[in-house]
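Summary of structural features
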There are 2 protein chains.
Amino acid sequence: MATRDYGQYSGVTRALELVGERWALLIVRDLLVGPRRYGELAAGLPRIPSNILAARLKDLQAAGILRRAPRSRVIVYELTPYGRELEPVVLALGAWGYKALGDPQEQQIITPESMTMDLRSAFRADVAAGLPATAYAARVGPAELLIRVDGSALDVRPGDGLVDLAFATGPDIRRLISGELAPEKAIATGVVEVLRGRGSSSTDSRPPSTWPPEARGPQRARRGCLRPSM
Amino acid sequence: MATRDYGQYSGVTRALELVGERWALLIVRDLLVGPRRYGELAAGLPRIPSNILAARLKDLQAAGILRRAPRSRVIVYELTPYGRELEPVVLALGAWGYKALGDPQEQQIITPESMTMDLRSAFRADVAAGLPATAYAARVGPAELLIRVDGSALDVRPGDGLVDLAFATGPDIRRLISGELAPEKAIATGVVEVLRGRGSSSTDSRPPSTWPPEARGPQRARRGCLRPSM
DNA sequence: CCGGATCCTATTGGATACTG
DNA sequence: CAGTATCCAATAGGATCCGG
């Protein structure tokens, strides 16, 4: 490995030598949602310089964490089985970091990939096991997600579709994800606004008032990445 | 936070802003074993420059992850409750990294703290639940550890004491920790050498032959940190 | 336009020396 | 022992450029 090593024979140091550099785990996080093209990764990591993205992709590939795969004339990057085994690491980091998250700042964006992984990190299989199979359309700030819960399995992915229930939330969903707020209380206090109906999407509704007005309309900053704006 | 941020509102980015810098998670790892003094941390992280250690301690303290605590005239650093919640992150990273670990290289050391956390990462509560309470003295390469298993609880700490069973292992213990090798096979193949007896310590035995000769004697490089030497 | 490579500057980390 | 201060090397950031 080209990366500077820690001079220690241990699992944590080895892991940090492979994925400890800046941006590396964020690339892995986005690829945990699915294979992505170079430009899609760049769009989801708004501040990454293109030379750093290229360098990380090269390093992660050399480490056997991801691979370049040609998909009908375009190249996508996808995790190897070993790379996918980083999912517990990313989920644990996300769950921990979510507790230290305050209100969104100006210039902080939410991407579909980041919100997808944040929701996965909040999923409690034991709780979900008692629920009937349900599909949700969620608008979490500016990201639109399709969520399916079936037994103790969770499927979250960016997008839309036919669902049983649609809901929209503001930035306070973080209190729900971090476990600070119970789901019933979230609905009762308006943190989560339930939009009933077996409809198609959530595009026929407005986000709850906790989102500032300027965040309501879709303000595309870059391909597929919207800013919560405040 | 002074650290450069990722411009994203998500749990993983927030976590990486707090503990994503070089050396930070290794300091947390060592403090998960117990409170440590500045010099003890420096000894356990052999290549860390003292200015970096000082800077990280300051940042981690500002982030509410650790605190300086006066203990009878000396200052120790200890994790806050929030800092201790990083344990799942460190264990997941260690378990993942262990699978990518090859044989120890020259100049790679093993510290009691690193080996303690590596063993914790390999602990399977469900398996241990069926075993009687037992205390082990383990010499893992150059580190001497006291291991107690009771029900589904594991207690690993650097040190020695009265035990039920003593054993010594070479670098191939990594195949045991990573799950590649079953315990019975490890003993059968000599990866783990069992030194029977309800004795006091493992100091009356030699490590298995898989450790190179020059590693057999205790070669203290720095306080409490020994090198496996190849 | 996508997928990078290159160049240059700004920031951070690393090694060593030094101090209360 | 518990850190600072200094200086230099390495890395990240930003802009631009290039080939398909």
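Residues numbered from 1 in each chain as written. Chains lettered and ligands numbered in written order. Predicted model: local features only at pLDDT ≥ 70, side-chain atom pairs only at ≥ 80, totals over all residues. Heavy atoms only, no water.

Looking at an unreviewed UniProt entry, one finds chain A named HxlR family transcriptional regulator and attributed to Naasia aerilata.

1. Points about empty space enclosed by the protein
Unfilled space is identified by rolling a water-sized probe across the atoms. Summed over all chains, the structure comprises 1 cavity of 30 Å³ or more. The calculated volume of the largest cavity comes to roughly 160 Å³. Together, 18 residues line the largest cavity, and L16, V19 and G20 of chain A together with L16 and G20 of chain B are the ones closest to its centre. Elements with a contribution of two residues or more to the lining of the largest cavity: α1 (11–19) and α2 (24–33) of chain A together with α1 (11–19) of chain B. Per-class residue counts for the lining of the largest cavity are 12 nonpolar, 2 polar and 4 charged. (1 Å grid on protein atoms, 1.4 Å probe; cavity = no way out; pocket = protein on both sides within 12 Å on 5 of 7 lines; lining within 4 Å. Points joined across faces, edges and corners; volume = space filled by probe spheres on them. Helix = DSSP H or I, 4+ residues; strand = E, 2+ residues; numbered from the N terminus. Nonpolar A, V, L, I, M, F, W, Y, C, P; charged D, E, K, R; others polar.)

2. Notes on the protein's contact with DNA strand C
Neighbouring DNA strand C are 21 residues, the closest being S50 and Y77 of chain A together with R22, N51 and R56 of chain B. A breakdown of the atoms of DNA strand C within 4 Å of the protein gives sugar and phosphate a share of 70%. With respect to DNA strand C, the backbone of G39 of chain A contributes an N or O atom lying 2.9 Å from a phosphate oxygen. A distance of 2.4 Å is found between a phosphate oxygen of DNA strand C and a side-chain nitrogen or oxygen belonging to R22 of chain B. If you list the elements that add at least two residues to the surface near DNA strand C, you get α3 (38–44), α4 (50–62) and β3 (74–79) of chain A together with α4 (50–62) of chain B. The residue makeup of the surface near DNA strand C, split by class, is 7 nonpolar, 5 polar and 9 charged. (Near = heavy atom within 4 Å. Polar contact = N/O pair within 3.5 Å; in protein donor to acceptor, adjacent residues only side chain to side chain.)

3. Overview of the UniProt feature "domain: HTH hxlR-type" (unreviewed entry) in chain A
Residues annotated by UniProt as "domain: HTH hxlR-type" (unreviewed entry) correspond here to residues 10–105 of chain A. For residues 10–105 of chain A, the end-to-end C-alpha separation is 38 Å, with 57% helix and 15% strand making up the annotated structure. (UniProt positions renumbered as here; feature names shortened; annotations may be inferred.)

4. Overview of the sheet that holds strand β1 (residues 36–37) of chain B
Residue and element names in this part refer to chain B. Taken in spatial order, the 3 strands make up an open sheet running β1-β3-β2, and their pairing is antiparallel. Pairing within the sheet leaves two strands with one partner each, and these edge strands are β1 and β2 (66–71). When β1 meets strand β3 (residues 74–79), the two strands line up antiparallel, connected through 2 bridges. Opposite R37, over in β3, you have V76 as the bridge partner. Across the face of the sheet, α4 comes into contact with β2 and β3 while running at roughly 105° to β2. (Pairing = 2+ DSSP bridges. Contact = heavy atoms within 4.5 Å. Axes fitted to C-alpha atoms, helices over the stretch in contact; angles between N-to-C directions.)

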